[in-house]
Each structure stands twice: as structure tokens, then as C-alpha cells.
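# Coordinate analysis (summary)
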Amino acid sequence: MSQISVVIERRNILDGIYELQKKMKTKIPIPQKVLFAATGTLEKTLSLFTGSETEVRILEQKDLVNVIFRSANIVLKKNSEVLVNARSKIYPPFLPYRIVRRIRMKQESIGDILDSERLETFKSIHILGYDPHNRSFYKIYHIIFKKNIAFNIKEIFLASLKEQVNFDPLV
């Protein structure tokens, strides 16, 4: 079975979630709905859901002239269990130099950098989806800075996340 997805574009995120549920022919658990709709720092939201500290581990980063490719995991600090895999395309020409410099240092998450620099950005959710093969949900979104797409990020919420959070849709 192939991936199931819906394009959000300029629609209401709730409409996108309901459409994805129809395509999947099942209800999406409430915590997953919150993760789809969340526009804050994901690792902080996951810490609240799991009741445990999380951290971002940068797995790989490839730095080209006009784009940086980054792969990272969000893990539980206590046991290094991977909850989310994120793949990012970062566009340095559309970002302040200090942000790009910190990203290139490979020591901090994108969310922490943007938050600590107080950079005014806007998250635009582009696609919500489900991969039945891996039993994982995913979200693709853009982070806009000064009307330019500065980041294109895909977050894959791994099946292991369900073991750490109560994903009962009736809660």
C-alpha cells in the first residue's frame, strides 16, 4: 500500500486532517492531530506529551552554496529512543547570516536557533500524510521569512512515538 496524503496549501489544517482521516478510513488519534497542527518547537511539544526531555540529534548535513540539506532525529534523552525523523532543506540566501552560521555549526536544532534569535517567521503546512508500510504519520511544511521559503521540512512521526504517548483517540 502506498502513502496516503492530502495537500493543505491555504486550507484550514482541520479540514486537511479530516480529509486525511477519510482517505485512511480511520480516526487519527488526538495527540497526532495536535502534532500535525502544532506550529511551535516540536521537541518541546514532544517533551510535554512524553513527560520526558527530548533532544535533537543531527545525523547528517550537506552544505551546498544555495541550499543546506539536514537530517536529524528527535529522541528521548533518557534512552535515545527515536520519536521523529526530520529532513530539511535550508535556503541560506533567504536568511540572516547569524542564523546560517549557527545552522552550519551543526550543534542546535532549527527550532532552537530561530527561537533564541527571535526571528519572525511563519510556518505554512503544505502536506499531511500517512505511510501504512511504516505505520508513521508525516508533515511537510515551509518556514517563511520575509515572504521567502527559507526552510522546507518533512517531519516523520515514527511508530515508536505511539509507545511513549497515549494515542487512544477516545481520550
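Structural data are supplied above this passage.
Residues numbered from 1 in each chain as written. Predicted model: local features only at pLDDT ≥ 70, side-chain atom pairs only at ≥ 80, totals over all residues. Heavy atoms only, no water.

### What about the side chain of Asn73?
The cut-off we apply is this: Working definition: helices are DSSP H or I runs of at least four residues, strands are E runs of at least two. Numbering for both runs from the N terminus. The term polar contact refers here to a pair of N or O atoms within 3.5 Å; inside protein, the definition further demands a hydrogen-donor-capable atom paired with an acceptor-capable atom, and it admits residues adjacent in sequence only when both atoms are side-chain atoms. Residues are treated as being in contact if the distance between any of their heavy atoms lies within 4.5 Å.
Counting through the fold element by element, Asn73 comes out in strand β3 (residues 68-76). Looking at Asn73, its side chain comes within polar contact range of the side chain of Asn85, at 2.8 Å. Excluding residues that lie within four positions of it along the chain, Asn73 makes contacts with Glu55, Val56, Arg57, Leu59, Val82, Val84 and Asn85.

### With respect to the sheet that holds strand β4 (residues 82-90)
Note the following rule: For two strands to be treated as a pair, DSSP must find at least two bridges joining them. Here the axes come from fitting lines to C-alpha atoms, over the contacting stretch only for helices, and the angles between their N-to-C directions go from 0 to 180 degrees.
The antiparallel open sheet is built from seven strands, whose spatial order is β1-β5-β6-β7-β4-β3-β2. The sheet terminates laterally at β1 (4-7) and β2 (54-63), the two strands that pair on one side only. Adjacent strand axes in the sheet meet at a mean angle of 20°, parallel and antiparallel pairs treated alike. When β2 meets β3, the two strands line up antiparallel, connected through nine bridges. Within the sheet, the bridge partner assigned to Lys62 lies in β3 and is Phe69.

### Looking at the environment of Asn12
How we decide: Only protein chains enter the accessibility calculation, which uses a 1.4 Å probe; a residue is then buried when its area is under 20% of its type maximum, exposed when over 50%, and partly exposed in between.
If you trace the backbone, Asn12 turns up in the loop between β1 and α1 (13-24). By relative accessible area, Asn12 is classed as partly exposed at 40%. When the C-alpha positions of Asn12 and Ile125 are compared, they lie 9.7 Å apart, and in sequence the two are 113 residues distant.

### A closer look at the pattern of salt bridges
For side chains of opposite charge, pairing can occur when their charged atoms come near one another. Heads up, the rule is: The term salt bridge refers to a pairing of a side-chain nitrogen on Lys or Arg with a carboxyl oxygen on Asp or Glu at a separation within 4 Å.
Under the counting rule described, the total for this entry stands at seven salt bridges. Taking the shortest distance from any N to any O, the salt bridge between Glu117 and Arg102 comes out at 2.7 Å. Placement of Glu117 in helix α5 (residues 110-117) and of Arg102 in helix α4 (residues 97-104) is noted, with a sequence separation of 15 residues between them. A cluster of three or more residues bridged by salt bridges with shared partners is formed by Arg98, Arg102, Glu108 and Glu117.

### Focus on α5
Side chains three or four residues apart in an α-helix point the same way, a direct result of the helix having 3.6 residues per turn. Heads up, the condition is: This arc is taken over the directions from the axis of the helix to the C-beta atoms.
Looking only at α5, the buried set comprises Ile110, Ile113 and Leu114. Seen from one end, α5 has its buried residues packed into an arc of 95°, which puts them on one side. Considering only its buried residues, α5 is in contact with β3, β4, α4, β6 (136-145) and β7 (148-157). Arg118 sits one or two positions beyond α5 and adopts a positive phi of about 55°.

### Here's the deal with the pairing of β3
By the criterion of burial, β3 is predominantly enclosed, with eight of the nine residues buried. For β3 and β4, the ladder comprises eight bridges, and the chain directions are antiparallel. Along β4, the bridge assignment pairs Ile68 with Ile90.

### Details of unusual backbone geometry
Negative phi is the rule for most residues except glycine; trans is the rule for most peptide bonds. A positive phi angle, near 60°, is found at Lys25, a position not held by glycine. Checked against the element boundaries, Lys25 lands in the loop between α1 and α2 (30-37). On the accessibility criterion, Lys25 (75% relative accessible area) is exposed. At Arg135, a position not held by glycine, the phi torsion is positive, near 55°. The residue Arg135 is located in the loop between β5 (122-131) and β6 in this model.

### Observations concerning the environment of Ile149
With respect to the element layout, Ile149 can be found in strand β7. For the pair Ile149 and Glu108, spaced 41 residues apart in the sequence, the C-alpha separation amounts to 20 Å. Setting aside its immediate chain neighbours within four residues, Ile149 contacts Tyr91, Phe94, His142, Ile143 and Ile144.

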